[in-house]
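# Fold and contact review
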Amino acid sequence: MSNYRVIFEDPEQPEQPAMVLVPSDNWLSDAMSGNLPPISVYWELQDDEQKAIDEGRHSTFKHDPSKWEKQFTAPRIGKLTEEEAMEYLVMKDIPRKVWSIEYNRPMFKIVKTEQVPSDRQFRNAWEMAQ
Amino acid sequence: MSTVKADLVQNTSGGATALTDLYPCKAWANFNGTGTVSIFSSGNVSSLTDNSTGKYTLNLSASTSTTHQSISGSARGASGQSYDGAPVGRNNSISKSTSSVPTYAARLIGTSTCGISFDSSDIAVLVIA
């Protein structure tokens with residue numbers, strides 16, 4: 001099980017509680033075995049999909065098969081450490097606006113699992129500590 | 001009777017196979033939504049996002065090819081309550097920027113009973129596309 005979690009906030013939804021990204025053990029194992037495609041493969045798919053959303057045709061959207069297959073056929077990037085895998089995961093699974101734009105405070109943090117509160121009584125009021 | 005032994009099945013381009021007349025599950029996960037959220041086991045899932053009470057996003061390792069996913073699941077009832085098997089479904093309130101479901105995430109999964117979201121200790125989700 002991973003030693004890390006990623007805490008992040010959505011800059012466009014400041015009233016939404018902080019979110020916590022939990023890596024999958026299977027995926028982490030793949031990442032550390034060198035079985036991932038370049039991150040650009042996912043970004044290309046996300047860009048195509050975002051364009052479809054912007055143009056109002058997302059409900060009938062289908063990926064270009066040649067781009068979609070790259071998830072499976074692109075040359076693998078080699079073995080990652082757990083820390084490198086977490087950085088890759090941030091760029092893959094957290095919206096780009098969270099980590100690619102500089103705000104007046106950090107919008108995400110990679111933390112140790114034990115730093116995440118286990119008491120969820122006030123879960124909907126969680127904020128990221130500055 | 002024949003026995004087929006193989007470590008990997010791919011199409012002629014080296015990509016994922018399309019199995020004629022078979023409609024396999026594209027991703028699945030079983031996770032604990034209480035305490036420090038954790039994934040028990042999963043397939044084709046890179047991560048899980050704990051959005052808020054009873055609301056989660058399942059991020060797929062490999063995206064589906066279309067936006068028309070079927071998401072199904074169930075969840076153990078909240079602690080201290082007598083019922084079990086609460087529904088799991090899409091929850092459109094999590095993201096205002098994307099009201100439809102993207103192909104790279106079974107976004108907007110929620111557990112709720114009578115419209116009230118709650119954290120469940122055992123949530124199972126299937127994604128078919």
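Now for a look at the structure at hand. What you see as residue numbers is a count from 1 along each chain, following the sequence as written. To read the labels, note that chains go from A and ligands from 1, taken in the order they are written. Only residues with pLDDT of at least 70 get local features here, since the model is predicted, and only at 80 or more are side-chain atom pairs given and counted; chain-wide, interface and lining totals rely on the full set of residues. Excluding hydrogens and water, the side-chain values take into account all heavy atoms of the structure.

### Observations concerning the overall build of chain B
To keep it simple, the criterion reads: Each helix is a run of H or I in the DSSP string that is no shorter than four residues. Each strand is a run of E no shorter than two, and both are numbered from the N terminus. Partly exposed residues are those whose accessible area sits between 20% and 50% of the maximum for their type, while under 20% is buried and over 50% is exposed, using a 1.4 Å probe and protein chains only. Under the convention used here, a 1.4 Å probe and the Shrake-Rupley method define accessible areas, while residue burial counts only the protein chains that appear.
When its secondary structure is counted, chain B shows zero helices and nine strands. Helices and strands appear in chain B in the N-to-C order β-β-β-β-β-β-β-β-β. In chain B, which comprises 129 residues, the proportion classed as buried is 48%. On chain B, roughly 6300 Å² of surface is accessible, and the fraction owed to carbon and sulfur atoms is 52%.

### Thoughts on helix α2 (residues 39-54) of chain A
Along an α-helix, residues three or four apart share an orientation, since each turn contains 3.6 residues. Residues and elements named next belong to chain A. The line we're drawing: Take the residue count of a helix, subtract one, and multiply by 1.5 Å to get its expected span. Residues are treated as being in contact if the distance between any of their heavy atoms lies within 4.5 Å.
Given a rise of 1.5 Å per residue, 16 residues ought to cover 22 Å, and the 22 Å separating the end C-alpha atoms of α2 matches this to within 8%. Buried residues along α2 sit against α3 (65-68), α4 (70-73), α5 (82-93) and α6 (96-99). Positive phi appears at G56, one or two residues downstream of α2, with a value of about 70°.

### Structural notes on the interface of chain A and chain B
Formally: Buried area: the sum, over both parts, of the accessible surface (1.4 Å probe) that disappears when the two are put together. Basic side-chain nitrogens of Lys or Arg form a salt bridge, by our definition, when they fall within 4 Å of a carboxyl oxygen of Asp or Glu. Whenever a nitrogen or oxygen atom comes within 3.5 Å of another N or O atom, the pair is scored as a polar contact, on the condition that within protein one atom can donate a hydrogen and the other can accept it, and that pairs from neighbouring residues in sequence are kept only if both atoms are in side chains. Only Asp, Glu, Lys and Arg are considered charged, only Ala, Val, Leu, Ile, Met, Phe, Trp, Tyr, Cys and Pro nonpolar, and every remaining residue, Gly among them, polar. Here a strand pair is declared whenever DSSP counts at least two bridges between the two strands.
With 44 residues of chain A at the contact, the number on the chain B side is 45 residues. Overall, the association of chain A and chain B removes approximately 3300 Å² of surface from exposure, summing both partners, and the carbon and sulfur fraction of that is 46%. Area buried by chain A at its contact with chain B is led by V22, H58 and R120 of chain A, which between them contribute 17% of it. Taken together, chain A and chain B are joined by three salt bridges. Inspection of the region where chain A meets chain B yields 23 residue pairs in polar contact (both at pLDDT 80 or more). Here the residues of the side of chain A that touches chain B sort into 20 nonpolar, 14 polar and 10 charged. Looking at chain direction, strand β2 (residues 19-23) of chain A and strand β3 (residues 45-52) of chain B are connected through four bridges and run antiparallel.

### Side note on the environment of A129 of chain B
Residue and element names in this part refer to chain B. Here A129 shows up in the segment after β9 (123-128). Residue classification places A129 among the partly exposed positions, given a relative accessible area of 37%. Here the alpha-carbon distance between A129 and T12, two residues 117 residues apart in the chain, equals 22 Å. The residues touching A129, leaving out its near neighbours within four places in the chain, are K26, T64, H68 and Q69.

### Focus on helix α1 (residues 25-33) of chain A
Residue and element names in this part refer to chain A. Here is the rule we go by: This arc describes the spread of directions from the helix axis toward the C-beta atoms.
Residues of α1 that are buried: W27, L28 and A31. For α1, the buried positions fall inside an angular range of 100° around the axis, keeping them on one side. Here α1 starts with a cap whose side-chain oxygen sits 3.2 Å from the backbone nitrogen of N26, and that cap is S24. Phi for G34, located one or two positions after α1, is positive at around 85°.

### Notes on the pattern of salt bridges
All names here are of chain A. Counted by the stated rule, this structure contains 12 salt bridges over all chains. Notably, a salt bridge pairs E12 with K97, separated by 3.3 Å at the nearest N-O pair. Here K97 lies in helix α6 and E12 lies in the loop between β1 (4-8) and β2, a separation of 85 residues in the sequence. By relative accessible area, E12 is classed as partly exposed at 45%. For D93, the salt bridge identified is with K92, shortest N-O distance 2.8 Å. Given the relative accessible area of 8%, D93 is considered buried. Among the residues examined, K92 registers a relative accessible area of 4% and is labelled buried.

### Regarding the side chain of N51 of chain B
All names here are of chain B. Looking at the element boundaries, N51 is found in strand β3. Judged by its relative accessible area of 3%, N51 falls in the buried class. A distance of 2.9 Å separates a polar atom in the side chain of N51 from a polar atom in the side chain of T57.

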